[in-house]
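Structural description and commentary
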Amino acid sequence: MPASALPDGGWIRYGVQSLGLEDRRLTFSFSGSPGGKAVYWIGTQGPYSMSETGRGRYSGSYTLRPSDTFNHAPVRYLLRAPDGSRAEVSAPGSVSSLPGPRYAEVTAPDLGQGVNPVVAGWAPVGGENLLYPRQGTQFAVLGENAGNFLTRLPGEPALPLLEVTRSTAALLPEGTPPTLAALTSAALSEGGTPGPASHFTLRLPLGARVPFLIQQQTNTLQLRLYETGGDPADLNTVSGTGPLTDPLLQSLTWSRPTAAGPLTATLTLDTEQQWGYDAVYDGSDLLLSVRRPPPAPADAALPLSGRTIVVDPGHGGSELGGAGALRVQEKDIVLPVAQAVAAGLRTLGANVVLTRTSDVQVPLYNRPLLAETLDADLLLSIHANALPDGSDPRGRRGVGAYWTQPQARPLAACLVAAVSSELPELGVDSPENGGLHSANLALTRPSTQLSVLVETAYLTDAGNLRTLMSEAGRARIAAALVDGVREFYAGTCSGQ
Ligand SMILES: [Zn+2]
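Cut-offs applied
- Residues numbered from 1 in each chain as written.
- Predicted model: local features only at pLDDT ≥ 70, side-chain atom pairs only at ≥ 80, totals over all residues.
- Heavy atoms only, no water.
- Donors = N, O, S within 2.8 Å, 3.2 Å for Na, K, Ca; no water.
- Tetrahedral: all angles 85-135°; square planar, octahedral: opposite > 155°, others 65-115°.
- Helix = DSSP H or I, 4+ residues; strand = E, 2+ residues; numbered from the N terminus.
- Buried < 20%, exposed > 50% of the residue type's maximum accessible area, 1.4 Å probe, protein only.
- 1 Å grid on protein atoms, 1.4 Å probe; cavity = no way out; pocket = protein on both sides within 12 Å on 5 of 7 lines; lining within 4 Å.
- Points joined across faces, edges and corners; volume = space filled by probe spheres on them.
- Nonpolar A, V, L, I, M, F, W, Y, C, P; charged D, E, K, R; others polar.
- Core = buried A, V, L, I, M, F, W, Y, C linked by side-chain atoms within 4.5 Å.
- Contact = heavy atoms within 4.5 Å.
- Pairing = 2+ DSSP bridges.
- Axes fitted to C-alpha atoms, helices over the stretch in contact; angles between N-to-C directions.
- Domains from an automatic or database assignment.
- Buried area = accessible area lost by both parts, 1.4 Å probe.
- Polar contact = N/O pair within 3.5 Å; in protein donor to acceptor, adjacent residues only side chain to side chain.
- Disulfide = S-S within 2.5 Å.
- Parallel < 35°, antiparallel > 145°, perpendicular 65-115°, else oblique.
- Left-handed = near helix turned anticlockwise from the far one by under 90°.

The zinc ion binds to the protein through His 315 (NE2), Glu 330 (OE), Glu 330 (OE) and His 383 (ND1); the donor distances cover 2.0 to 2.8 Å. Viewed at the metal, the four donor atoms of the zinc ion are separated by angles of 52 to 146°, and the geometry they form is irregular. Read from N- to C-terminus, the donor residues coordinating the zinc ion fall into the pattern H-x14-E-x52-H. Here His 315 is found in the loop between β26 (308-313) and α3 (330-347), whereas its partner Glu 330 is found in helix α3, with 15 residues between them in sequence. The class of His 315 is partly exposed, set by a relative accessible area of 21%. Residue classification places Glu 330 among the buried positions, given a relative accessible area of 4%.

Quick look at the structure:
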């Protein structure tokens, strides 16, 4: 019996005549007995032939034509098995080719400024999020796949089609004109959005909320503004003048890589270590805030004075975390470690706030939101690792650190270096990568401050577990993490 037939929901394309070939192509497939011959129909059109692309998996692709007028057209498959038997199946979903273009607006409220909640992100189909648009952002909708909107970043043919979670945006009425944004000036000011003089802020009066993408590299931030008019040459003249100078901002240059491409600002910063950034809309002005490097400590005995650090003991309450062979709960091991880290950082002068101080449940995004609200310098989430039930625990042990924003990688490296040098018996998780993992986690995506998640050791490794279970072992792990933070700020850690 044929199974897992696509489409599994409504497949819609809007304004097919203006779509590229790739965006008009629909791939139909189902599974059945191998070695057969299969065909499909879309509504009354067909039959179209299919090929067996994997054992028992039949696929065929159809490129929508401007003359097609499918409106919830059903998709039907017929399989002739080698023994001559025939089986038919209807896909659960349907195909529509509707008039366009259509536009939509992001309706999900912003969660903080640089928290970047996963549901708000736009991602290639089946991939990881590429950008996190703000509320009110308008965008062209090319189609829908099983309810989710499909869009592209204009002028970026190399980037794939992006999926927008249905619940985060709303289709605007038919006939709504496209957004018209243009930039003719930029302004620079002290202070965050809002915040003390720990930031500078670039204010960009765009006239409309457009999608944007920020890419961070060692000493640059690149901001790409889509659907935005404006002449880079004019902007470069403006940005060379007095009001746009700042000690941290070495240069601000505007460009447009291709005629249809995004208006692009490249901020070159006078630092190889960046400390935080975020971008939000204020009306139709985009505000890009960049955190300044921390000033040198006034008192060498208190090297972290003036620094605010949010320490996050992972999980809590009914969220148990991972469990090892002894069924020791991660949440109960990481709380005393985090409390000892907090105490150690305080002795160095830091202002430390814990996301929880007892066995309570803390909503996931409240953790980075707390860091943002406090204008924290660091968000350090502390965990203990565990392999899933049924996997072979041998060989997976040791400390590891996770980061998303490039600015957080050096801190992650300092933490791994400190733990692995002070507790060499724990080992390093994935030593070929130095225990460093580029990841897409709620606690590492935040960009407003440096955000790192440390997996101190493995609950599923007997040796690691002994250390995690002993008070002395936990105290040594905590002391090593404190050393890692101290060495990071002093610029003296052995990690890279
Ligand atoms: Zn955990």
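Right, picking up where we left off after that structure.
Per the stated rule, a full pass over the model turns up one cavity of 30 Å³ or more. The calculated volume of the largest cavity comes to roughly 40 Å³. In this structure, the largest cavity is lined by Tyr 103, Gln 138, Phe 139, Ala 140, Pro 178, Thr 179 and Glu 227. With three residues, strand β11 (residues 138-141) is the single largest residue contributor to the lining of the largest cavity. The residue makeup of the lining of the largest cavity, split by class, is four nonpolar, two polar and one charged.

Further remarks concern the nonpolar core. If you look at the biggest cluster of nonpolar residues, it comprises 50 residues, and the most contacted ones within it are Val 311, Val 341, Leu 345, Ile 382, Leu 481 and Val 485. Sorting elements by how many residues they give to this core places helix α7 (residues 471-490) first, with eight residues. With residues near it in sequence (within four places) discarded, Leu 345 still touches Leu 304, Ile 309, Val 311, Ala 350, Val 352, Val 482 and Val 485. If you look at the next biggest cluster of nonpolar residues, it comprises 31 residues, including Ala 181, Phe 200, Leu 252 and Leu 263.

Let us now look at the sheet that holds strand β9 (residues 102-106). Sheet strands associate in pairs through backbone hydrogen bonding, adopting either a parallel or an antiparallel arrangement. Pairing within the open sheet is antiparallel, and its three strands lie in the order β11-β9-β15. Across the chains shown, the open sheet's two edge strands, defined by having one partner strand only, are β11 and β15 (169-171). Each strand of the sheet is rotated relative to its neighbour by a mean of 35°, with strand direction disregarded. Pairing of β9 with β15 involves three bridges; the strand directions are antiparallel. In the strand pairing of β15, Glu 105 is matched with Ala 170.

Now for the domain arrangement of the protein chain. Split by domain assignment, the protein chain resolves into domain 1 (10-98), domain 2 (102-171), domain 3 (181-291) and domain 4 (308-490). Relative placement of domain 3 and domain 4: their C-alpha centres are 33 Å apart. Each side of the interface is counted separately: domain 3 has 11 residues, and domain 4 has 13 residues. Both sides of the domain 3 and domain 4 interface together cover about 1,000 Å² of buried area, and 41% of this is carbon and sulfur.

For Gln 113, the position within the fold is in the loop between β9 and β10 (122-124). A relative accessible area of 18% means that Gln 113 is categorised as buried. For Gln 113 and Gly 484, which are 371 residues apart along the polypeptide, the C-alpha to C-alpha distance reads 27 Å.

Next up on the list: the side chain of Arg 102. Among the secondary structure elements, Arg 102 is positioned in strand β9. Looking at Arg 102, its side chain comes within polar contact range of the main-chain oxygen of Leu 172, at 2.9 Å. In this structure, Arg 102 is in contact with Tyr 14, Phe 139, Ala 140, Val 141, Leu 171, Leu 172, Pro 173 and Glu 174, ignoring residues within four places of it in sequence.

Before going further, it helps to examine the state of the cysteines. Under the definition given, this model contains one disulfide. Disulfide pairing places Cys 414 opposite Cys 493 at an S-S distance of 1.9 Å. Between Cys 414 and Cys 493 the sulfur-sulfur dihedral comes to about -45°; the bridge is accordingly left-handed. Of the two residues, Cys 414 is situated in helix α5 (residues 409-422) and Cys 493 in the segment after α7; the sequence distance between them amounts to 79 residues.

Each pair of packed helices gets described by two things: the angle between the helix axes and the distance between those axes. In contact at an axis separation of 8 Å, α5 and α7 are set at 140° when each is read in the N-to-C sense. What the angle tells us is that α5 and α7 run oblique. In this structure, α5 meets α7 at a crossing whose hand is right-handed. Of the residues in α7, those touching α5 at Pro 410, Leu 411, Cys 414, Leu 415, Ala 418, Val 419 and Glu 422 are Arg 476, Ala 479, Ala 480, Leu 481, Asp 483, Gly 484, Val 485 and Phe 488. Grouping the amino acids of the contact of α5 with α7 by side-chain chemistry returns 11 nonpolar, one polar and three charged.

This part takes up unusual backbone geometry. In the segment running from Gly 46 into Pro 47, the intervening peptide bond is cis, with an omega of 0°. With respect to the element layout, Pro 47 can be found in strand β4 (residues 45-49). At His 72, a residue that is not glycine, the phi angle is positive and equals roughly 55°. Examined against the element boundaries, His 72 turns out to sit in the loop between β6 (57-63) and β7 (73-80). Under the relative-accessibility criterion, His 72 is labelled exposed at 53%. At Asp 375, a position not held by glycine, the phi torsion is positive, near 55°. Secondary-structure assignment places Asp 375 in the loop between α4 (366-373) and β28 (378-385).

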